[in-house]
Each structure stands twice: as C-alpha cells, then as structure tokens.
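# Coordinate inspection notes
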Amino acid sequence: MTPGVTPGGVADITVYVSIGNSDDKLVQVEWAGFYRRTNLAIRDFAQVVYGQWVSEPASAWQNACWCVTVDPRRAGDLKAELRKIAGEYYQDSIAWAEAPKVELLPPASSDQG
C-alpha cells in the first residue's frame, strides 16, 4: 500500500482542525473536556496525526489545532462527530480546513547553491 493512499486507491486528505474558547463560554474544566473530546474524536478517525498544538499557557485565549490525514470516505463521519461535540460544548463552530495541495520538499543539494 502506498503511504497516504487507502487500500481502495483513494488519496487521504490533509486536514487542520481548530477549536477555541476566545469568547470565554467555557470555564476551565469545560474547556478541558471540550479539548479532550475533540482530541479523542480526531485520533479515532485520523490515519496519521502530524501535529497537535495549543495556545500558550499565559495567552488570553484558549485554542487548539491538529494537523491530520483522514481517509476521505471517513471524513464525513469525523465531521459529524465534531459537530456533535461542538453542540455539547455550546460552540458556534469547529474549524475544518482541508489542504488542497500538499507538497513534500526534498532538501536542496549542496550543488544547487
């Protein structure tokens, strides 16, 4: 099997998922639950988790972001789960950003200057 391609020959999609609490709707314990539920859902559906980031501890805002690959045949299921979680935590939305083109850059050779 080729990395990034499902057994059926369908290319995985690269997605950034972001959540936040910039409007302070959630107290700390609720934010922790929202983050935890989102993280578990993403990890249940993702083929690969490339990275996971959170805002700095001293930041005025709480935010988190994940970069993952998802089998496009399961993307709808992950989106549905994220919508469910957003509703449970009174959020207006969860950001889902698909990278339209992912290019792997090889290192420059020493003779290329």
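Below: a short report on this structure. (Residues numbered from 1 in each chain as written. Predicted model: local features only at pLDDT ≥ 70, side-chain atom pairs only at ≥ 80, totals over all residues. Heavy atoms only, no water.)

## Section: the overall build of the chain
Assigned secondary structure in the chain consists of two helices and four strands. Start at the N end of the chain and walk to the C end: the helices and strands fall as β-α-β-β-α-β. Across the 113 residues of the chain, 33% fall into the buried class. Of all intrachain contacts in the chain linking residues separated by at least 6 positions in sequence, the fraction that spans at least 24 positions is 66%. By element, 54% of the accessible surface of the chain is carried by carbon and sulfur atoms, the whole surface being about 7400 Å². (Helix = DSSP H or I, 4+ residues; strand = E, 2+ residues; numbered from the N terminus. Buried < 20%, exposed > 50% of the residue type's maximum accessible area, 1.4 Å probe, protein only. Contact = heavy atoms within 4.5 Å. Areas by Shrake-Rupley, 256 points an atom, 1.4 Å probe, with all protein chains shown as cover.)

## Notes on the pattern of salt bridges
A full pass over the atoms with the stated rule returns five salt bridges. Residue Asp23 pairs with Lys25 through a salt bridge whose shortest N-O separation is 3.8 Å. Taking relative accessible area as the criterion, Asp23 reaches 41% and is therefore assigned partly exposed. Here the salt bridges do not stand alone but share partners, grouping Asp23, Lys25 and Asp92 into one network. (Salt bridge = Lys/Arg side-chain N within 4 Å of Asp/Glu carboxyl O.)

## Points about the packing of helix α1 (residues 28-45) against helix α2 (residues 72-88)
Axis separation between α1 and α2 bottoms out at 10 Å; the angle between their running directions is 170 degrees. As summarised for this structure, α1 and α2 are arranged roughly antiparallel, according to the angle between their axes. Across the interface between the two elements, Phe34, Arg37, Thr38, Ala41, Ile42, Asp44 and Phe45 of α1 pack against Arg74, Asp77, Leu78, Glu81, Leu82, Ile85, Ala86 and Glu88 of α2. Here the residues of the contact of α1 with α2 sort into eight nonpolar, one polar and six charged. (Axes fitted to C-alpha atoms, helices over the stretch in contact; angles between N-to-C directions. Parallel < 35°, antiparallel > 145°, perpendicular 65-115°, else oblique. Nonpolar A, V, L, I, M, F, W, Y, C, P; charged D, E, K, R; others polar.)

## Some thoughts on the sheet that holds strand β1 (residues 13-20)
Each strand in a sheet pairs with its neighbour through backbone hydrogen bonds, running either in the same direction (parallel) or in the opposite one (antiparallel). Strand order in this open sheet of four strands is β2-β3-β1-β4, and the pairing throughout is antiparallel. Two strands bound the open sheet, and with one partner strand each, they are β2 (48-54) and β4 (95-98). Each adjacent strand pair in this sheet contributes to an overall mean axis angle of 15 degrees, direction not counted. For β1 and β4, the ladder comprises four bridges, and the chain directions are antiparallel. Bridge pairing links Val17 to Trp96 in β4. (Pairing = 2+ DSSP bridges.)

## Some points on the pairing of β1
Within β1, six of the eight residues are buried, leaving the element largely enclosed by the surrounding structure. Direction of pairing for β1 relative to strand β3 (residues 63-70): antiparallel, over a ladder of eight bridges. Counted as the bridge partner of Ile13 is Val70 from β3.

## Focus on the packing of aromatic side chains
Taken as a whole and assessed by the stated rule, the structure comprises four aromatic pairs. With a centroid separation of 5.9 Å and an interplanar angle of 70 degrees, the aromatic rings of Trp31 and Phe34 are classed as edge-to-face. In this pair, Trp31 and Phe34 are both assigned in helix α1, three residues apart and thus about one turn of the helix distant. A single burial state applies to Trp31 and to Phe34, both of which are buried. When the centroid spacing of 6.5 Å and the interplanar angle of 40 degrees are considered together, the rings of Trp31 and Tyr35 count as tilted. Linking Trp31 with Tyr35, this pair stays in helix α1, spanning four residues, or about one helical turn. (Phe/Tyr/Trp six-rings, centres within 6.5 Å; stacked < 30°, edge-to-face > 60°.)

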